[in-house]
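What follows is the residue order along each chain.
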Amino acid sequence: MVDSVVVATTGELDCLLYTHCRPGESLTGEAGFGFQAASAAAGTSARAVVAEHLLHDTATWSDSPATSLAHIHADGWFATASGTPLTESTEREPSVPEFVEPDRNHLTHAVVTTDDAAYGPWRPAQLWNADLWLTEPIPPGPAEPVEAGWTPGVSTETVREYIGAQEYRTEWLVALHSILSDRDDQRRIILIGDDPGEILTWISAVTLLLPRWQALRTGFTVFSSDPFDYSPHRIVGVRPDQVPDGVSPEYPHGAHVFDVTARVHSLVHLDPASQDWVDLFLTADLDRFGDAVEFAAASGLPASPAMSLARACYFDTIPQRRDAGKVANWLVCSTLEQYVQRSPGLLGMLLDYPDPPYDLLVALDDLATMGRLDGHGARIRLALLESERRDVTEVGIYRPDRLDRLPDDQWRDEHRDQAVTLLTDALNTVHPDRFHLVLRLADRFQVDRPEWDPAAVTRFIAWWAENPHLSPDPGTGPGGEALRDRLRAVLRHKCEADYADADRIGRAWSDRAWLWFEGPDFDDALYCACLTTMMATSDEDDRVDLAARQLRAVKPTDVEWAVKVLWRRCSPAPPSGGCWPTNWNRAPGSINSCSRRCGRSCSTRMPGCNRCG
């Protein structure tokens, strides 16, 4: 049996009584409607909350006045009030001759507290017809508080029995719970019906599906003569003859309208988690159900995974596939105490999950690296590797972050061998455009370089040479330097074989291959092709700087060839006859005279004289 988190007993509640008072009977001494009696702790702020939000609405009286019930959380007070019409038999004697009794006198008895635990496991709507309510006035003055240990008028078992007997129970309860669970939907819920007890049973049922803190902050009033007033009540009960003209489930006018008598309601977006909670409420042990509701709310998870987590912990139900990863991640983020308490049953379900989804494997792998998955770490890591291998080879999805190492006692040589075999098979069968992704996958899982099939490498290098911008450089991955050397050799061979190919390769590869060279290398055809492209695509100033740097680094015997490479695709070409400054290989900025016709001095940063011929 798991621990209980539901408060099991009720606490003391302070009282307030509001009715029509004769002179000197009210707490203020004034005649008319006012507070007749109050507990010592129910001071001015509590009276203001009751007076503003909870007084019995006599405008709802029709042929037969009905008792009302309302609840609110305001200004730090949790307040619930029952309103009772006062007939002649309940009026006090003797009357004051000069004092006229109202036609519609009533008594509002309110209980208030600042401690939400005083309600115990009950919801405010369950206080309907509770024994704690006064239905007749008492002598003016202090009122005794309701002692701890009080009981509701409608038990949780009674609520479930009533709801379970309705043919439309599931649809309505799912709809109501979906509305109250949606934080973005703050529209009012209007329940239309003649029987306040029936309406309050529906309110009890849906609030029993909510965590206690939320249920106690969900205000309601049954009945109200104005369902569209500006009060903070989220749920309002309305008699059929007092529904505003034009308002119906078909035309809700910005609210959610539920006609209890006609059994129809306005359109509601249903939450799958609400369906799960309703099914559980109608069938499960109610004590454990209450614990599960509170546990789910305290988990910090979104609605659906919180529901799956609670069902797994309290009812041994396997989490739904959509939630399994988030449930496992809750274990990852849990405290050591929570983990020790919840993991024995929960981990068994997750480790044996059929065809585990990817996010579940990730969370379990995190648990393994934390040392919380003794004996299962290697199995989970290999399953995760296989899942990511499928993503890489079949879809091209790759996750870049490197995984943490498993503890040495869980990742042994035989497990490393299995990982190498799996990646080797992938390398030898994958399409060339995803070859590099398999290499990066090996790096992510920190697997030593797999055995390469020479034919597979050849296919990849050929594809890579023709698609420089379609894949990242695998040079940083396992064995990446060797692959890049193979690629450079292929590109160099193509450049040597054909000038047209050299120009094409230079245009395609210059931005990447240029970084592979540590300095000028005019003997390398690939370097020359890239340099030619760099010169052709640079603006004038950058071109001058680039040429100067290259010419300063070459031997005098290589100058003619270097100039041809530099200006092969540039326009205009350098002056013919070798007209460039003498001593051009000195430091930039020094001044020299032209070695040919003009006799003027010019900067040696220029590879050719720009003042003559």
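Structure shown above.
Bear in mind that the values here come from a model prediction, so they are computed numbers and not experimental data. All residue numbers refer to positions counted from 1 along the written sequence of the respective chain. Given that this is a predicted model, residues contribute local features only at a pLDDT of at least 70 and side-chain atom pairs are listed and counted only at 80 or more, while totals for whole chains, interfaces and linings are drawn from all residues. The side-chain values count all of the structure's non-hydrogen atoms but skip hydrogen atoms and water molecules.

## Observations regarding the overall build of the protein chain
Secondary structure assignment for the protein chain yields 20 helices and 13 strands. Each residue's exposure class comes from its accessible area (1.4 Å probe, protein chains only) as a fraction of the maximum for that residue type: buried when under 20%, exposed when over 50%, partly exposed otherwise. Among the 613 residues that make up the protein chain, the fraction classed as buried is 52%. Using the Shrake-Rupley algorithm and a 1.4 Å probe, accessible areas are obtained, with residue cover drawn only from the displayed protein chains. When the accessible surface of the protein chain is summed, it comes to about 28700 Å², and 48% of that surface belongs to carbon and sulfur atoms. The secondary structure listing takes helices from DSSP runs of H or I that are at least 4 residues long and strands from runs of E that are at least 2 residues long, numbered from the N terminus.

## Some points on unusual backbone geometry
Here the residue pair Val 222 and Phe 223 is connected by a cis peptide bond, since its omega of 10° sits within 30 degrees of zero. Note that Phe 223 resides in the loop between strand S8 (220-222) and strand S9 (235-238). The phi dihedral of Asn 129 is positive, around 60°, even though this residue is not glycine. Within the secondary structure layout, Asn 129 lies in the loop between strand S5 (106-113) and strand S6 (141-142). Assessed through its relative accessible area of 55%, Asn 129 is described here as exposed. Phi angles above zero are rare outside glycine, and Asp 316 is one such case at about 55°. Relative accessible area serves as the criterion here: at 62%, Asp 316 is assigned to the exposed category.

## Observations concerning the pairing of strand S1 (residues 14-21)
Burial within S1 is extensive, with 8 of its 8 residues counted as buried. Sheet analysis places S1 next to S5, joined by 5 bridges and oriented antiparallel. Residue pairing for S5: Tyr 18 is matched across the bridge by Thr 108. A strand pair is defined by DSSP finding two or more bridges across the two strands. When S1 meets strand S2 (residues 32-38), the two strands line up antiparallel, connected through 6 bridges. Counted as the bridge partner of Cys 21 is Gly 32 from S2.

## Some points on the nonpolar core
Throughout, nonpolar core names a set of buried Ala, Val, Leu, Ile, Met, Phe, Trp, Tyr and Cys residues whose side chains join them through atoms within 4.5 Å. One finds Leu 173, Ile 203, Phe 258, Trp 277, Leu 364 and Phe 435 to be the most contacted residues of the largest nonpolar core, which totals 151 residues. Residue contacts are counted whenever heavy atoms from the two residues lie within 4.5 Å of one another. Among residues more than four places away in sequence, those in contact with Ile 203 are Ala 125, Leu 191, Phe 220, Val 222 and Ile 235.

## Comments concerning the pairing of strand S7 (residues 189-192)
Of the two faces of S7, the one carrying Ile 189 and Leu 191 and the one carrying Ile 190 and Ile 192 are both buried. Judged from the 4 bridges that link them, S7 and S9 form a sheet pairing that is parallel. Bridged to Leu 191 within S9 is Gly 237. In this sheet, strand S10 (residues 256-259) lies alongside S7 in parallel orientation, the contact comprising 4 bridges. If you follow Ile 190 over to S10, its bridge partner there is Val 257.

## Section: the packing of aromatic side chains
In this scheme Phe, Tyr and Trp rings, the latter by its six-membered ring, pair at centre separations within 6.5 Å, and the angle between planes marks the pair as stacked below 30 degrees, edge-to-face above 60, and tilted otherwise. Scanning the model with the defined rule gives 19 aromatic pairs in all. Seen in terms of ring centroids, Tyr 168 and Trp 172 are 5.0 Å apart; in terms of plane orientation they differ by 70°. Their pairing is edge-to-face. Accessibility expressed as a relative area gives 0% for Trp 172, which makes it buried. On the basis of an interplanar angle of 75° and a centroid distance of 5.2 Å, the ring pair of Trp 172 and Phe 258 is categorised as edge-to-face. Placement of Trp 172 in helix H3 (residues 169-181) and of Phe 258 in strand S10 is noted, with a sequence separation of 86 residues between them. Comparing Trp 172 with Phe 258 shows no difference in burial state: the two are buried. Chaining the aromatic ring pairs together yields one cluster made of Phe 435, Phe 460, Trp 463, Trp 464, Trp 509 and Trp 516. Think of it as a cone above the ring: NZ of Lys or CZ of Arg counts as a charge over the ring if it is within 6 Å of the ring centre and within 35 degrees of the ring normal. Residue placement shows Arg 342 over the ring face of Phe 295; its charged tip is 4.3 Å from the ring centre.

## Some thoughts on helix H9 (residues 324-333)
What sets the pattern is the α-helix's 3.6 residues per turn: residues three or four places apart point alike. Counting buried positions along H9 yields 7 of 10 residues, so the element is predominantly enclosed. Where H9 is concerned, the buried positions are Ala 324, Gly 325, Val 327, Ala 328, Trp 330, Leu 331 and Val 332. In this structure, the buried residues of H9 make contact with helix H7 (286-298), helix H8 (303-315), helix H10 (336-351) and helix H11 (358-369).

## Details of the sheet that holds S2
Across the sheet, 11 strands lie side by side as S6-S2-S1-S5-S4-S3-S8-S9-S7-S10-S11; this open sheet has mixed pairing. Of all strands in the sheet, those with a lone pairing partner are S6 and strand S11 (264-265), marking the two edges. By the bridge criterion, 2 bridges tie S2 to S6 in an arrangement that is parallel. Within S6, the position partnered with Ala 37 by the bridge is Gly 141.

## Details of the side chain of Thr 10
Summarising the element assignment, Thr 10 is placed in the segment before S1. Reaching out from Thr 10, the side chain makes a polar contact with the backbone nitrogen of Gly 149 at a distance of 3.1 Å. Here Trp 150 takes part through its backbone oxygen, which lies 2.9 Å from a polar atom of the side chain of Thr 10. Among all residues touching Thr 10, those that are not within four sequence positions of it are Ala 118, Tyr 119, Gly 120, Trp 122, Ala 148, Gly 149 and Trp 150. Pairs of N or O atoms within 3.5 Å make up the polar contacts considered here, provided that, within protein, one atom can donate a hydrogen while the other can accept it, and that residues adjacent in sequence are counted only when both atoms are side-chain atoms.

## Describing the environment of Met 370
When you line up the elements, Met 370 lands in the loop between H11 and helix H12 (377-395). Residue classification places Met 370 among the partly exposed positions, given a relative accessible area of 40%. Each C-alpha atom, one on Met 370 and one on Arg 405, is 9.8 Å from the other, the two residues being 35 residues apart in sequence.

## Some remarks on the packing of H9 against H10
What counts as an axis is a line fitted to C-alpha atoms, over the stretch in contact for a helix, and the angles between N-to-C directions run from 0 to 180 degrees. Packing of H9 against H10 brings their axes to within 10 Å, and their N-to-C directions diverge by 150°. Here H10 runs roughly antiparallel to H9, going by the angle between their axes. Where H9 crosses over H10, the handedness of that crossing is left-handed. Contacts between H9 and H10 pair Ala 324, Val 327, Ala 328, Trp 330 and Leu 331 from the former with Gln 338, Tyr 339, Arg 342, Ser 343, Leu 346, Leu 347 and Leu 350 from the latter. Polar here means any residue outside two lists: the nonpolar Ala, Val, Leu, Ile, Met, Phe, Trp, Tyr, Cys and Pro, and the charged Asp, Glu, Lys and Arg; Gly therefore counts as polar. Among the residues forming the contact of H9 with H10, the class breakdown is 9 nonpolar, 2 polar and 1 charged. Should an angle lie under 35 degrees it is considered roughly parallel, over 145 roughly antiparallel, and from 65 to 115 roughly perpendicular; all remaining angles are considered oblique. Crossing handedness: left-handed means the near helix sits turned counterclockwise from the far one by under a right angle, and right-handed means the same turn made clockwise.

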